[in-house]
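Breakdown of the fold
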Amino acid sequence: MNRLASSSWSSISRLSEARSRSISPENRTGAPGEGGRAAEGTGAGCARDLGVGWKVSPSVVIPAGSVFTLADIEGEGVIQQIWMTLSGHWRFLILRFYWDNEEVPAIECPAGDFFCCGWGSYTPVSSLPVCVNPGSAFNCYWEMPFHTHARITLENISTEDIVAYYQINYSLGEVPVDSAYFHAQFRRVNPLPYKEVYTILDGIEGCGHYVGTYLAWGVNNSGWWGEGEIKFYLDDDEEFPTICGTGTEDYFGGSYNFENKETKRYQEFSSPYSGLAQVLCPDGLYRSQQRFGLYRWHLCDPIRFRERIRVTIQALGWRSGGRYLPLQDDIASVAFWYQDTPAHKPHPLPDKDQLEVI
């Protein structure tokens, strides 16, 4: 049996008949024995004295307004790791993943937000499924099974050409029948209408489990912004949810405003399952908004649904008299989940101007 080995530590010593493959600019098809054969590429000038096999094609140039296919894989298998580093405006580089020849992507997301860097600048992340390392290296370890086909594209919606370095590591072999498809969905609202809750995920039907949230939160008010509750509406839930959190910083694994009691400032942290990875505070001149990047991975506590799921979060601060203040903030999110179907009802991406981060 050509069964895929599990990638967990508990079974790392077990043998498997799976076949390891890798796609990069040095081997764009992942075919056996085809790595390092490029005679042309972005490194050709540097390798002119050395020739083929000496880093002739380490990257690709993606022209403005074009879509580039990063991977097109036939067969059955699982994507195990993705590394990339990208020039340009990360909100204008749109990743799409298609499973089993579906025309609708299971993942449609700006590249920066997919890798927990929604504000367009490098921030280190040291978690289990996502790592962002110096100088601007995006790494993803989400397991992504497919049964017949996998395709990954990167669209450059900016007005400038960009350079992409990337490597997609995967295995070919039999995937267990109960393996679910990986999905991710991006949303942004700026500003959030007064007294409205922010929707992280809605319209999803099927059986699966929710595994993660990333938020790029821009505060359009002074003071603390994170009193809101996150709510998970599962299956038959209507007005009230099955799971209701106690506050924004609590859901992301922190407490009491993420405040360092000695410095009286926000304390960034990045841990395997949750983090306040980015804090951008006013500099006294033009950079006048507080901005935060937060992630929470449900690796040990996946939120399971049988028929449907909806996820919302409140934006709440404080006003006079010890009363809550509904905030009108700039909130962008990525929801990550697995489900039993290779595609889901798409939520349209905002247009270019609505995506932009200044």
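Structural data are supplied above this passage.
Residues numbered from 1 in each chain as written. Predicted model: local features only at pLDDT ≥ 70, side-chain atom pairs only at ≥ 80, totals over all residues. Heavy atoms only, no water.

Okay, the pairing of strand β21 (residues 274-280) next. Counting buried residues along β21, seven of its seven residues qualify, which places the element largely inside the surrounding structure. Bridge count for strand β20 (residues 269-270) against β21 is two bridges, and the pairing is antiparallel. Across the sheet, phenylalanine 269 pairs through a bridge with leucine 276, a residue of β21. Hairpin connection from β20 to β21: three residues lie between these consecutive antiparallel strands. Pairing between β21 and strand β22 (residues 290-297): six bridges, direction antiparallel. Of the residues in β22, the one forming a bridge with glutamine 278 is glycine 293. (Buried < 20%, exposed > 50% of the residue type's maximum accessible area, 1.4 Å probe, protein only. Helix = DSSP H or I, 4+ residues; strand = E, 2+ residues; numbered from the N terminus. Pairing = 2+ DSSP bridges.)

What follows deals with the pattern of salt bridges. This structure, assessed with the given rule, holds nine salt bridges. For arginine 96, the salt bridge goes to glutamate 108, with nearest N and O atoms at 2.7 Å. On the criterion of sequence distance, the pair formed by arginine 96 in strand β5 (residues 93-99) and glutamate 108 in strand β6 (residues 107-110) is long-range, its members being twelve residues apart. There is no split in this pair, since arginine 96 and glutamate 108 are both buried. Across the salt bridge formed by lysine 231 and glutamate 229, the nearest N and O atoms sit 3.8 Å from each other. Judged by relative accessible area, lysine 231 falls into the buried class, the value being 17%. Sharing partners across several salt bridges, the network here consists of Arg96, Glu108 and Glu155. (Salt bridge = Lys/Arg side-chain N within 4 Å of Asp/Glu carboxyl O.)

Here the focus is a nonpolar patch on the surface. A cluster of nonpolar side chains, Val61, Val163 and Tyr165, forms an exposed patch at the surface whose accessible area comes to about 220 Å². Following the sequence through the fold, valine 61 ends up in strand β2 (residues 60-62). In this structure valine 61 comes out as partly exposed when scored by relative accessible area, which is 44%. (Patch = residues over 30% accessible without salt bridge, like charges linked within 9 Å, V, L, I, M, F, W, Y side chains within 5 Å. Areas by Shrake-Rupley, 256 points an atom, 1.4 Å probe, with all protein chains shown as cover.)

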